Amino acid sequence: MTSNYIKLLALLFVFASCSKDDTLIENDNTSNDNTVQKELLTVLEINSKIDQILLKNNDFNWTDADDYMLWSAVVHGNNILTIGYGKENESFSEQFSKRLSNTKQDILDMISRTEGVKFDKNKKENIVDYEIINVVDVKVEHLETIMALRKAKNIRYLEPNGYNKYVSKNAINQSGKQNKSILSTLGCSTASETINPAHYQNVSPNNAQVAWNFYKHNIPQAWNISTGRGVTIGLIDTGVSAQQSLLNTSGFNDGVSNGRQVEKIGTFIDSPWWWSRNNDGPHDKCGHGTQMASTIASPRNDDGMPVGVAYNSNLVAYRATEDVVLNDYHERKGVSQALIELGNRQDVKIISMSIGWTWTVGNIKDAVKYANSKGKLIIAAGGTSTNFTNWYGVTFPATMSETVAVTGVDDGVNYKRCDICHSGSKIDFTIIMEGNNDTSKHPPVLGFNNGQRVYTGGSSTATATVAGIAALIWAKHPNWNKNQVLNKLKQSADLYPNKSNQFGYGNIDALKAVQ
């Protein structure tokens, strides 16, 4: 089962005031086996415990781990402990109260005592703070620190955000410690493919290519009413390739796609040092983000290339991750930062996230809640993996009620998820991603380099497609809020008003959605 997990997700986020007396105090209701042990659990031992909980509950949370397991994971994960502080459900604070300041300071004082260090704001190796969300990352070495924090009040969660469950065999030394993460290429490809002309139709202007599955959802028919003009979509992924001019400033406005803007921003930090603040730039090095950007907003011109769903929408593309699997500290922090920044932008209406992880990540969850509170419609991938590991249900953050979860199905008469897609009760919508009994028939999109095309599918592309359809609706109704747009999506889906326990409201009819 452990080897299967390594392949999993291969294509796969109350203000109050009170006195100082309500800050960090011991919670007598917390109980754990607090026996101090000298030897760490190995990575393999930790993973075995995680697997047992996943198989039993189809979910995992670090609250399920005892003090010893959590401490071992923290040490194996570069000694990074992520602490979500504040009262329950106090995920973010736009105005930092004295109470929250006192709470955080009490936490740091406790860690200083148990770790024997003094936190210095100028010493970046010990602490990393966050904006907006009530989270802090701290270097922790001692089990006593975990034990003390587990007994404290006003701590929402403790997570080893540097711990990477998926590692190669040579990344674990003889003592069972993790040396380095598995190569981060999951879901990545920069190669081009030969596209079968049967998998698209040519439309004006002169050989613009429309993917075959767009017609299954009446997207070309919807273009007679809306093309996404005036709507800005935020894409959180691996960025957009600098070599694909049609998704950069030089070619984004071309043909009948005009008067719009594309921005590229980087929040991912490629560094072995967890406290580093030097991001790696906005440009895609993986290929996945470029494919998602193409699905959403590729221009409609005469270059003989695939057209995006909302080919007149604006695009803000974040390079927040290295690949599609959120198994790295810098990826998790990069995604949370991108969500906060997009949440703060008044022009952004929709956030598309075709990335995920097996269980909840606290700092991303907090950031999702913040962006949701700002009126953003957040659309997330239900999960994509190999056909013998997609027994696992919907993946985070699509599991959150604040997101709209999407997966892919085939074009058969009866609903059947695509061979590499996940499904489950958390799914809200589906998009046709492959032909019945023809798994190679995925939609074509722009490739990594100019003049290249590639096939792409799974819940990732399904998610980007729904983001584009949402932009068509919002362009038709610019004064609507996210709930009105979401309700229109539901009403346009073919299972509505019923909801399947595997496929949500089903396939969306884009024409019906914009009428």
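Keep in mind that this is a model prediction, so the values were computed, not measured. (Residues numbered from 1 in each chain as written. Predicted model: local features only at pLDDT ≥ 70, side-chain atom pairs only at ≥ 80, totals over all residues. Heavy atoms only, no water.)

Side note on the pattern of salt bridges
Thinking step 1. Counting across every chain of the model gives 12 salt bridges.
Thinking step 2. Its salt-bridge partner being K499, residue D428 comes within 3.2 Å of it at the nearest N-O pair. Of the two residues, D428 is situated in the loop between β12 (403-410) and β13 (429-434) and K499 in the loop between α13 (482-492) and α14 (510-514); the sequence distance between them amounts to 71 residues.
Thinking step 3. Taking relative accessible area as the criterion, D428 reaches 13% and is therefore assigned buried.
Thinking step 4. One salt-bridge network, held together by shared partners, links E263, R345 and D347. (Salt bridge = Lys/Arg side-chain N within 4 Å of Asp/Glu carboxyl O. Helix = DSSP H or I, 4+ residues; strand = E, 2+ residues; numbered from the N terminus. Buried < 20%, exposed > 50% of the residue type's maximum accessible area, 1.4 Å probe, protein only.)

Focus on the packing of aromatic side chains
The relative placement of two aromatic rings is captured by the distance of their centres and the angle of their planes.
Thinking step 1. Enumeration over the complete set of coordinates arrives at 15 aromatic pairs.
Thinking step 2. Considering the side-chain rings of F214 and W223, the 6.2 Å spacing of their centres and the 75 degrees angle between planes classify their relative orientation as edge-to-face. By the burial criterion, F214 is buried, and W223 matches it.
Thinking step 3. Ring centres of W223 and Y311 lie 5.0 Å apart, and the angle between their planes is 75 degrees; on these two criteria the pair is classed as edge-to-face. Taken as a pair, W223 in the loop between α7 (219-222) and β7 (232-237) and Y311 in the loop between α9 (288-297) and β9 (314-319) lie far apart in primary sequence, 88 residues in all. Of the two residues examined, W223 and Y311, each falls in the buried class.
Thinking step 4. One aromatic cluster is present, built from ring pairs that chain together F60, W62, Y163, W357 and W359.
Thinking step 5. A cation sits over an aromatic face here: R332 above W357, 5.2 Å from the ring centre.
Thinking step 6. Geometry around Y130 places K333 over its ring, the cationic atom sitting 4.9 Å from the centre. (Phe/Tyr/Trp six-rings, centres within 6.5 Å; stacked < 30°, edge-to-face > 60°. Lys NZ or Arg CZ within 6 Å of the ring centre and 35° of its normal.)

Considering the sheet that holds strand β4 (residues 155-159)
Thinking step 1. Here four strands make up an open sheet; going across it, the order is β2-β3-β1-β4 and the pairing antiparallel. With one partner strand each, in any of the chains shown, β2 (127-129) and β4 form the two edges of the open sheet. Averaged over all pairs of adjacent strands, the angle between strand axes in this sheet comes to 20 degrees, irrespective of strand direction.
Thinking step 2. Pairing analysis gives three bridges linking β2 to strand β3 (residues 135-139), with the strands arranged antiparallel. Bridge pairing in β3 links D129 to V136. (Pairing = 2+ DSSP bridges. Axes fitted to C-alpha atoms, helices over the stretch in contact; angles between N-to-C directions.)

Topic: the nonpolar core
Thinking step 1. Of all hydrophobic cores here, the largest spans 77 residues; its most connected members are W62, I83, I236 and L339.
Thinking step 2. Other than its neighbours up to four places away in sequence, W62 contacts I46, I50, M69, L70, A73, R150, L158, E159, P160, Y163 and W359.
Thinking step 3. Residues L246, M305, I379 and I508 belong to the second largest nonpolar core, which totals 55 residues. (Core = buried A, V, L, I, M, F, W, Y, C linked by side-chain atoms within 4.5 Å. Contact = heavy atoms within 4.5 Å.)

So, the pairing of β9
Thinking step 1. With respect to burial, β9 is a largely interior element, six of its six residues being buried.
Thinking step 2. Burial of the side chains of β9 extends over both faces: N314, V316 and Y318 are buried on one face and L315, A317 and R319 on the other.
Thinking step 3. Summarising the sheet, β7 and β9 pair through six bridges and their orientation is parallel. Pairing of L235 across the sheet is with A317, part of β9.
Thinking step 4. As defined by bridge partners, strand β8 (residues 262-266) adjoins β9 across five bridges and the pair is classed as parallel. Across the sheet, the residue bridging to K264 is A317, located in β9.
Thinking step 5. In the classification by handedness, the crossover that spans β8, the intervening α9 and the parallel β9 is left-handed. (Right-handed = clockwise from strand over helix to strand, strands pointing away.)

A word on the sheet that holds strand β10 (residues 348-353)
Thinking step 1. The seven strands lie next to each other as β8-β9-β7-β10-β11-β12-β13, forming an open sheet whose pairing is parallel. Both outer strands of the open sheet, β8 and β13, are each paired with one neighbouring strand and no more. Along the sheet, successive strands turn relative to each other by an average axial angle of 25 degrees, direction set aside.
Thinking step 2. Bridge analysis of strand β11 (residues 377-381) against β12 gives four bridges, and the strand direction is parallel. Residue A380 lies in a different strand from β12, and its bridge partner there is A405.
Thinking step 3. Those strands touched by helix α12 (residues 458-476) are β7, β10, β11, β12 and β13, and its axis lies near 160 degrees from that of β11.

Some thoughts on the state of the cysteines
Thinking step 1. In the structure shown here, the tally under the stated rule is two disulfides.
Thinking step 2. C188 shares a disulfide with C286; S-S distance 2.1 Å. Disulfide C188 to C286: torsion about the S-S bond roughly -105 degrees, handedness left-handed. Placement of the pair is C188 in the loop between β4 and β5 (200-203) and C286 in the loop between β8 and α9, with a sequence separation of 98 residues.
Thinking step 3. By relative accessible area, which is 25% here, C188 ends up partly exposed.
Thinking step 4. Between the sulfur of C418 and that of C421 lies a disulfide, 1.7 Å long from S to S. Each member of the pair C418 and C421 is classed as buried. (Disulfide = S-S within 2.5 Å.)

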